[in-house]
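Working through the structure, step by step
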Amino acid sequence: MNDNIFALIYLIATILFIFGLKGLSSPKSALKGNFSAMIGMALAIFATLASPEVHSYFWIFMGIGIGLVIGVGVAIKIQMTAMPQLVAILHSFVGLSAVLVSIGTYLSHEARGELNSVLLVELGLGSLIGAVTFTGSIIAFGKLQGTITSNPLVFKGQHYLNLLLGLLMFVLTGYLAFAPNVVILLAITLIALLLGFLLVLPIGGADMPVVVSMLNSYSGWAASATGFTLGNNLLIATGALVGSSGAILSFIMCQAMNRSFISVILGGFGAEAGGDAAASGPVKNVKSASSEDVAYMLENSSKVVIIPGYGMAVSQAQHAIKELFEALNHKKIDVKFAIHPVAGRMPGHMNVLLAEADIPYDFVAEMEDINGEFASTDVVLVVGANDIINPAAKTDKSSPLYGMPILDAYKAKQIFVIKRSMKPGYAGVDNALFYYDNCTLVFGDAKGVCEKIVGSLES
Ligand code: NDP
């Protein structure tokens, strides 16, 4: 294949990736978007394999084969609820590969005496972005998996240490450009690995969604840096698409959660070492009700809002909720779904599950559109959500949730919260809403309770 055909295939692949991203901006077009990106990726792999720079296929196919077996195995077994951890660990692979490509390229070019200043800066940047992404994503994986506490881990002087390490990395990268030495490249990598840990450890539970999308962005920039190193235009363009779309998503999420974008990317700047709010304070009483009570109240309402949260994903209650939605619709009751931007454990988590159960998009409202409607709502049914409805985010300055906009469920006439126990949500804090006079808990697994409510509705 000549160079023009390569360039054309790479261009088509890039355009397909852009269509892919565009498609993913709405649940309605997400399938088409995915399909377009898959074709783009198939073209990209085909063109790369046909490239004259590829002299032997053995190691490439070994890598593809091993990756295929592991990837297909994981994809089949993975639970929807564990998807965010999977995404985080996949980001770490991109980071690690950027580091390995940088070090490998350094060694091969050094052996051929082909190192130059521009290449050395690319290698330094590729290695540092890759290493920060690698360790940052591992910590994000641990926090999402629950193996590392979701509380912010902060210590005195942490931000100054981060600043010092950041400056040192860039100074060493500049130095590397004029005094090539593999030890300097390794030192940059080690400092970046440490910085990745330090940047993500202080991020509290409520801010994890932004960090996951920020690491997604970093992984894109790492891939782009690798593209420069390898002289591969498609990798440069694809990495830039992932990097910029991830950064835009993080920015939008920061705005939605009332967080400072700069604070989050600089490692939870301003995060305080908070206590365990769930454990503190006097023991308070909550009211509880049965699924029959909920059914009775729902039947006698004219306006109902359902708020799904992470617990809906855990119990896979979306199909039971669809039945409930249809049964209430049949009774001419106005039912809507309210989606918080960080409900669940990944952006769009609730939208995906509701779409899977064929709940029409027209009945699904975003936070800013529905918040004005709670005051006129008869019953709010919360299905496995917690942090996203916690009024402490508005009233308690000591809460790690403080400042995050919430779904204003507390304004409704009656709120029912389905959950299994008094355990807190992801942020690890008690929910002030549970003690409100208009709030009643319905203890049990979300799917089971929803099915019982449907069964208790008068036909
Ligand atoms: P939360 O984690 O705050 O609460 C989930 C609730 O679901 C818990 O109270 C839990 O209580 C209940 N639950 C769990 N399993 C079940 C079940 N089988 N049946 C019934 N209830 C169940 O979830 P939210 O969606 O309200 O908030 C999301 C949180 O996750 C936010 O803090 C957000 O910042 C964070 N996060 C979001 C990400 C994203 O991108 N969306 C990524 C990472 C973190 P119990 O155990 O008592 O049943």
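Note that the structure is a prediction, hence the values are computed from the model and not measured. (Residues numbered from 1 in each chain as written. Predicted model: local features only at pLDDT ≥ 70, side-chain atom pairs only at ≥ 80, totals over all residues. Heavy atoms only, no water.)

1. A short note on the overall build of the protein chain
As a reminder, the rule being used: Per the convention used, a helix needs a DSSP run of H or I reaching at least four residues, while a strand needs a run of E reaching at least two, with both numbered from the N terminus. Here the globule rule is a power law, 2.2 Å times the number of residues to the power 0.38, and the radius of gyration is based on C-alpha atoms. Relative accessible area decides the class of each residue, using a 1.4 Å probe on protein chains only: under 20% of the type maximum gives buried, over 50% gives exposed, and in between gives partly exposed.
A tally of regular secondary structure across the protein chain gives 17 helices and six strands. Taken over C-alpha atoms, the radius of gyration comes to 25 Å for the protein chain, in line with the 23 Å a tight globule of 459 residues would show. Overall size of the protein chain, expressed as C-alpha extent along the three principal axes, is 80 × 50 × 35 Å. Taking all 459 residues of the protein chain together, the buried fraction comes to 47%.

2. A look at the site of the ligand
Applied cut-off: Neighbouring residues are identified by heavy atoms, a residue being near a molecule or strand if any of them is within 4 Å of it. Under the rule applied, a polar contact is a pair of N or O atoms within 3.5 Å (in protein, one hydrogen donor and one hydrogen acceptor; residues adjacent in sequence only if both atoms are side-chain atoms). Residues are grouped as follows: Ala, Val, Leu, Ile, Met, Phe, Trp, Tyr, Cys and Pro are nonpolar; Asp, Glu, Lys and Arg are charged; every other residue, Gly included, is polar.
In the vicinity of the ligand there are 31 residues, among which Asn386, Asp387, Arg420, Ser421 and Asp445 approach most closely. Within the backbone of Tyr310, an N or O atom sits 3.0 Å from an oxygen atom of the ligand. One nitrogen or oxygen atom from the main chain of Gly344 is found 2.9 Å from an oxygen atom belonging to the ligand. Of all the secondary-structure elements, those providing two or more residues to the shell around the ligand are helix H8 (208-230), helix H12 (310-315) and strand E5 (414-419). Counting residues per element, the shell around the ligand draws most heavily on H12, at four residues. Residue composition of the shell around the ligand, by class: 15 nonpolar, 10 polar and six charged.

3. Thoughts on the packing of helix H11 (residues 291-299) against helix H17 (residues 446-456)
Heads up, the condition is: For helices, the fitted axis covers only the stretch in contact; all axes are lines through C-alpha atoms, and the angles between them, taken along N-to-C directions, range from 0 to 180 degrees. An angle below 35 degrees is read as roughly parallel, one above 145 as roughly antiparallel, one from 65 to 115 as roughly perpendicular, and any other as oblique. Crossing handedness: left-handed means the near helix sits turned counterclockwise from the far one by under a right angle, and right-handed means the same turn made clockwise. Should any heavy atoms of two residues lie within 4.5 Å, those residues are counted as being in contact.
As a packed pair, H11 and H17 sit with axes 8 Å apart at the nearest point and diverge in direction by 55 degrees. The pairing of H11 with H17 is recorded here as oblique in orientation. When the axes of H11 and H17 are compared, the crossing they make is right-handed. From H11, Ser291, Glu292, Val294, Ala295 and Leu298 reach across to H17, where they touch Val449, Lys452, Ile453 and Ser456.

4. Overview of unusual backbone geometry
Notably, Gln316 is not glycine yet its phi reads approximately 55 degrees, a positive angle. Along the polypeptide, Gln316 turns up in the loop between H12 and helix H13 (318-330). With a relative accessible area of 31%, Gln316 lands in the partly exposed category. Non-glycine residue Asp358 carries a positive phi angle of around 60 degrees. Structurally, the position occupied by Asp358 is in the loop between helix H14 (349-356) and strand E3 (364-366).

5. With respect to a nonpolar patch on the surface
Note the cut-off: What makes a patch is a set of residues exposed beyond 30% relative accessible area and free of salt bridges, joined within 9 Å when like-charged and within 5 Å when nonpolar (Val, Leu, Ile, Met, Phe, Trp, Tyr). For the area figures, the Shrake-Rupley method with a 1.4 Å probe applies, and any residue is considered shielded solely by the protein chains shown. Throughout this description, the term salt bridge denotes a Lys or Arg side-chain nitrogen within 4 Å of a carboxyl oxygen of Asp or Glu.
Side chains of Tyr57, Phe61, Ile64, Leu68, Val72 and Ile76 sit close together on the surface and give an oily, nonpolar patch of about 610 Å² of accessible area. With respect to the element layout, Phe61 can be found in helix H3 (residues 58-77).

6. Details of the sheet that holds E5
For sheets, the rule is that strands pair by backbone hydrogen bonds, running either parallel or antiparallel. For the record, the criterion: Following DSSP output, two strands are said to pair if at least two bridges run between them.
The strand order E3-E2-E1-E4-E5-E6 describes an open sheet built from six strands, whose pairing is parallel. Of all the strands in the sheet, just E3 and strand E6 (439-443) have a single pairing partner and so form its edges. On average, each strand axis in the sheet is inclined to that of its neighbour by 25 degrees, with strand direction left out of account. With five bridges joining them, strand E1 (residues 303-308) and strand E4 (residues 379-383) adopt parallel strand pairing. Bridged to Val305 within E4 is Val380. Of the strands in this sheet, E1, strand E2 (334-339) and E3 are in contact with H14, which crosses E2 at around 140 degrees. Set on the sheet, H17 makes contact with E4, E5 and E6; between it and E5 the angle comes to about 130 degrees.

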